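Per-entry structural report
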Amino acid sequence: MVAYAQVRERICGGSGLSYGRPVPDNGHVLEMTREEFEELVAEALDRIPPELTRLMDNVAVFVEDEPPTSDPELLGLYEGTPLTERGEWYAGVLPDRITVYRGPTLRMCDTREDVVAETEVTVVHEIAHHFGIDDARLHALGYG
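Only a predicted model underlies this, so the values are computations on that prediction, with no experimental measurement involved.

1. Quick look at the nonpolar core
- If you look at the biggest cluster of nonpolar residues, it comprises 28 residues, and the most contacted ones within it are Phe37, Val115 and Ile127.
- For this core, the secondary-structure elements that each account for two or more residues are α2 (34–46), β3 (96–101), α4 (102–108) and α5 (112–130).
- Aside from chain neighbours lying at most four places away, what touches Phe37 is Met32, Val63, Val100, Tyr101, Arg102, Thr105, Val115 and Thr119.

So this is what it looks like as structure tokens:
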């Protein structure tokens, strides 16, 4: 878990960003193409330290426009078996899936810089789930 704290420090510089930070009604939605948003997600992944990305196993990252209707403000979702829960039985399975949602991110942010920061936080949050870090610990780290 120490490595995750190092990721947080490298990405945020101790800025105290929070996952899903509410923004007061901004009266507009930022415009950003799907391709631009996908590039932000790719850049956030590139900023994950190589010593952590080498440990990631059987996981794919996707961008979708909108989350499930049951949770319209969801920014990201991890679906799969965390590394900490995999055993000898873990073989021949489909990759874990990390999905980052463009629509809610654009609706909650005021500026492009906010989108960049929130996308980085979301990517780190979902990768942390891949490493077995639960929401309670993420909240304690400022990612909840």
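Next comes the rest of the description.
2. Comments concerning the packing of aromatic side chains
- Counted under the stated rule, the structure contains one aromatic pair.
- On the basis of an interplanar angle of 75 degrees and a centroid distance of 5.6 Å, the ring pair of Trp89 and Tyr90 is categorised as edge-to-face.
- Accessibility expressed as a relative area gives 15% for Tyr90, which makes it buried.

3. Some details on the sheet that holds β3
- In space, the three strands of this open sheet follow the order β1-β3-β2, with mixed pairing throughout. Two strands close off the open sheet at either side, each with one partner strand: β1 (59–64) and β2 (76–79). Ignoring strand direction, the axes of neighbouring strands in this sheet form an average angle of 15 degrees.
- Strand direction decides the pairing type here: β1 and β3, joined by six bridges, are parallel.

4. A word on unusual backbone geometry
- You will see that Asn58, though not glycine, has its phi angle at about 55 degrees, which is positive.
- Within the fold, Asn58 resides in the loop between α3 (50–53) and β1.
- Residue Asn58 is classed as partly exposed on the basis of its relative accessible area of 27%.

5. A short note on the side chain of Thr105
- With respect to the secondary-structure elements, Thr105 resides in helix α4.
- In terms of polar contacts, Thr105 uses its side chain to reach the backbone carbonyl oxygen of Tyr101, at 2.9 Å.
- Residues in contact with Thr105, not counting those within four places in the same chain, are Phe37, Leu75, Val115, Glu118 and Thr119.

Analysis parameters
- Residues numbered from 1 in each chain as written.
- Predicted model: local features only at pLDDT ≥ 70, side-chain atom pairs only at ≥ 80, totals over all residues.
- Heavy atoms only, no water.
- Core = buried A, V, L, I, M, F, W, Y, C linked by side-chain atoms within 4.5 Å.
- Buried < 20%, exposed > 50% of the residue type's maximum accessible area, 1.4 Å probe, protein only.
- Helix = DSSP H or I, 4+ residues; strand = E, 2+ residues; numbered from the N terminus.
- Contact = heavy atoms within 4.5 Å.
- Phe/Tyr/Trp six-rings, centres within 6.5 Å; stacked < 30°, edge-to-face > 60°.
- Pairing = 2+ DSSP bridges.
- Axes fitted to C-alpha atoms, helices over the stretch in contact; angles between N-to-C directions.
- Polar contact = N/O pair within 3.5 Å; in protein donor to acceptor, adjacent residues only side chain to side chain.

Scope: geometric values only; no functional claims are made or implied.
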